[in-house]
Amino acid sequence: MNKKSIRDIDVAGKRVFIRVDYNVPMDKEGNITNDTRITATLPTLNYLLEKGASLVIGCHLGRPKGQPVPEFTVAPVAKRLAELLGREVKFAPDCVGEQAEKMSAALKPGEVLLLENLRYHKEEEKNGAEFAEKLAKLADIGVNDAFGVSHRAHASVEGVTKHLPMVAGFLMEKEIKFVGQAVANPVRPFVAIIGGAKVSDKIGVIENLLKKVDTLIIGGGMANTFVAAQGYSTGKSLVETEKLDLAKSLIVQAKEQGVNLLLPTDMVVADKFAADAEHKVVGLDAIPDEWMALDIGPKSAEAFAKALEDAKTVVWNGPMGVFEMDAFAAGTKAVAKAVADSDATSIVGGGDSIAALQKVGLSDKITHISTGGGASLEYLEGKVLPGIAALQDK
Ligand SMILES: Nc1ncnc2c1ncn2[C@@H]1O[C@H](COP(=O)(O)OP(=O)(O)OP(=O)(O)O)[C@@H](O)[C@H]1O
Ligand SMILES: O=C(O)[C@H](O)COP(=O)(O)O
């Protein structure tokens, strides 16, 4: 890596601003259901603390759209982080402003301050210069250990580096190494699996992935838009109507480029988005008007698993269904098992994808669990991520 890391700087007695990706899955009561994204940063945090730094940690949770939405407070993260670090974690109820400045100024070496959700301010996602400057005031030097957010040119990721020199943390270094290596010269067949719910974010990635992979499997919420693009009626399923033309064109592009594009042929549909919903398996031509597709069906799962049998490189982001509810977890489980059973180099990324893998107990069968979902997909496409580009050169 041609970027500086925390090994290259002296942090003794300094306040370090660290951007992390603590966008962790939570249940309705606000309990963290998977803390991988927190534990993955501990080597960086502990190293800096041992070297005599104090830490000002910035992160986001969910998409509160620039408002202080209580559901998206990162207070539960502060509690979990304190348990994991075995030391007190102070909490600033606003990430910028007088109180945050006072709290950060009072930090002694070895002390840790977590800032409230950065996305409570709309300037974060807009990369507002003033907001970035306010964040920079909280520290002497910056560290980016948030690979998962480095595809976003947000204030705490990109803008802040104009006021605060920023270097890579250990997690960032590790992600760049593993994700980069696996796809630099992938052993073939190379299979990518895309699912999940962030359809408009990730559908654009597919065009570039088609140039790299031999097989592309699409499931989860992402598949519904492709099913609709083939002319089927999809009832109340999650569908990005604005992306139907793009989905159609991607189906054509896959054919032209000789990529084996696998879409579901059956679905598990439900009468509502709930764990106790009435549900059944149907073919694509039989999705009832008032129902929604919440998982791929068993035939699709079998076909996807078959395509993974002889894969040598696999990249997976996004669950095949609403795996958080047992009735809609079978597709994700089947694909997870197929990836685990193959002897491919496998990279699975994304907050919910990691949670799904742990739920089925197969994480240790995966070559690299990436904390980045959208970020790892964009990195795989060959894009320069703004958060990485903005780090100090060696
Ligand atoms: N058919 C579906 N309809 C609605 N939601 C779905 C469907 N299939 C999967 N999902 C939901 O998608 C969510 C995960 O999608 P997402 O794209 O955020 O993946 P991720 O692994 O968390 O990646 P990232 O880190 O980029 O967010 C899960 O909460 C899951 O319930
Ligand atoms: O979960 C993720 O992929 C990262 O935390 C980025 O979140 P975002 O897609 O809301 O920017």
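Residues numbered from 1 in each chain as written. Chains lettered and ligands numbered in written order. Predicted model: local features only at pLDDT ≥ 70, side-chain atom pairs only at ≥ 80, totals over all residues. Heavy atoms only, no water.

Engineer: Please explain the pairing of strand β1 (residues 15-19) as it appears in this structure.
Structural biologist: Successive side chains on a regular strand alternate, one facing one side of the sheet and the next facing the other. Of all five residues in β1, five are buried; the element is thus mostly enclosed. The alternating pattern of β1 places Arg15, Phe17 and Arg19 and Val16 and Ile18 on opposite faces, both of which are buried. Alignment of β1 against strand β2 (residues 54-58), held across five bridges, turns out to be parallel. Within the sheet, the bridge partner assigned to Val16 lies in β2 and is Leu55. (Buried < 20%, exposed > 50% of the residue type's maximum accessible area, 1.4 Å probe, protein only. Helix = DSSP H or I, 4+ residues; strand = E, 2+ residues; numbered from the N terminus. Pairing = 2+ DSSP bridges.)

Engineer: How do you make sense of the environment of Phe328 when you look at a structure like this?
Structural biologist: Looking at where Phe328 falls in the secondary structure, it is placed in the loop between β13 (313-317) and α12 (330-341). When the C-alpha atoms of Phe328 and Asp276 are compared, they prove to be 11 Å apart, with 52 residues separating the residues in sequence. Sequence-distant contacts of Phe328, that is, excluding residues within four places in its chain, are made with Val268, Ala270, Ala274, Ala277, His279, Leu294, Asp295, Gly321, Val322 and Phe323. (Contact = heavy atoms within 4.5 Å.)

Engineer: Explain the site of ligand 1 here, please?
Structural biologist: Residues in close proximity to ligand 1 total 22 residues, the closest being Lys198, Lys202, Glu324, Asp352 and Ser353. Taking Ala197, its main chain carries an N or O atom lying 3.0 Å from an oxygen atom of ligand 1. For ligand 1, the protein covers 90% of the area, taking 640 Å² as the surface of the free molecule. Elements that contribute at least two residues to the shell around ligand 1 include exactly α9 (220-229), β12 (292-296) and α13 (351-359). Tallied by class, residues from the shell around ligand 1 come to five nonpolar, twelve polar and five charged. (Near = heavy atom within 4 Å. Polar contact = N/O pair within 3.5 Å; in protein donor to acceptor, adjacent residues only side chain to side chain. Areas by Shrake-Rupley, 256 points an atom, 1.4 Å probe, with all protein chains shown as cover. Nonpolar A, V, L, I, M, F, W, Y, C, P; charged D, E, K, R; others polar.)

Engineer: Can you walk me through the site of ligand 2 in this structure?
Structural biologist: In the vicinity of ligand 2, the contacting residues are Asp21, Asn23, Arg37, His60, Arg63, Arg119, Gly148, Arg152, Lys198 and Asp201. For ligand 2, an oxygen atom lies 3.1 Å from a polar atom in the side chain of His60. Notes on ligand 2: free accessible area 310 Å², of which the protein chains cover 94%.

Engineer: Please clarify how the nonpolar core should be interpreted in this entry.
Structural biologist: A general tendency of soluble globular proteins is for nonpolar side chains to be buried together. One finds Leu115, Ile206, Leu216 and Phe226 to be the most contacted residues of the largest nonpolar core, which totals 54 residues. With five residues, helix α8 (residues 199-209) is the single largest residue contributor to this core. Core analysis: the next-biggest nonpolar cluster, separate from the first, contains 31 residues, Val11, Leu85, Ile141 and Phe170 among them. (Core = buried A, V, L, I, M, F, W, Y, C linked by side-chain atoms within 4.5 Å.)

Engineer: Can you walk me through helix α7 (residues 170-184) in this structure?
Structural biologist: A turn of α-helix holds 3.6 residues, and therefore any two residues three or four places apart point the same way. Taking 1.5 Å per residue as the helical rise, α7 with its 15 residues ought to reach 21 Å, and the 21 Å between its terminal C-alpha atoms agrees with that figure. What α7 keeps buried is the set Phe170, Leu171, Met172, Glu173, Glu175, Ile176, Val179, Ala182 and Val183. (Expected span 1.5 Å × (residues − 1).)

Engineer: What is the right way to read the sheet that holds β12 from this model?
Structural biologist: Pairing between sheet strands relies on hydrogen bonds along the backbone, with the strands arranged either parallel or antiparallel. Strand order in the open sheet made by the three strands is β11-β10-β12, with antiparallel pairing throughout. Both edges of this open sheet fall to β11 (279-283) and β12, since each of them pairs with a single strand only. Adjacent strand axes in the sheet meet at a mean angle of 40 degrees when their direction is disregarded. Of the pairings in the sheet, the one linking strand β10 (residues 266-270) to β12 comprises four bridges and is antiparallel in character. Directly across from Ala270, in β12, lies its bridge partner Met292. (Axes fitted to C-alpha atoms, helices over the stretch in contact; angles between N-to-C directions.)

Engineer: Please explain the side chain of Arg15 as it appears in this structure.
Structural biologist: In this fold, Arg15 is placed in strand β1. Here Arg15 falls in the buried class, since its relative accessible area comes to 17%. Polar side-chain contacts of Arg15 include one of 3.2 Å to the side chain of Ser104. In this structure the side chain of Arg15 is engaged in a polar contact, spanning 3.2 Å, whose partner is the backbone oxygen of Leu138. Setting aside its immediate chain neighbours within four residues, Arg15 contacts Ser54, Ser104, Ala105, Lys137, Leu138, Ala139, Asp140 and Ile141.

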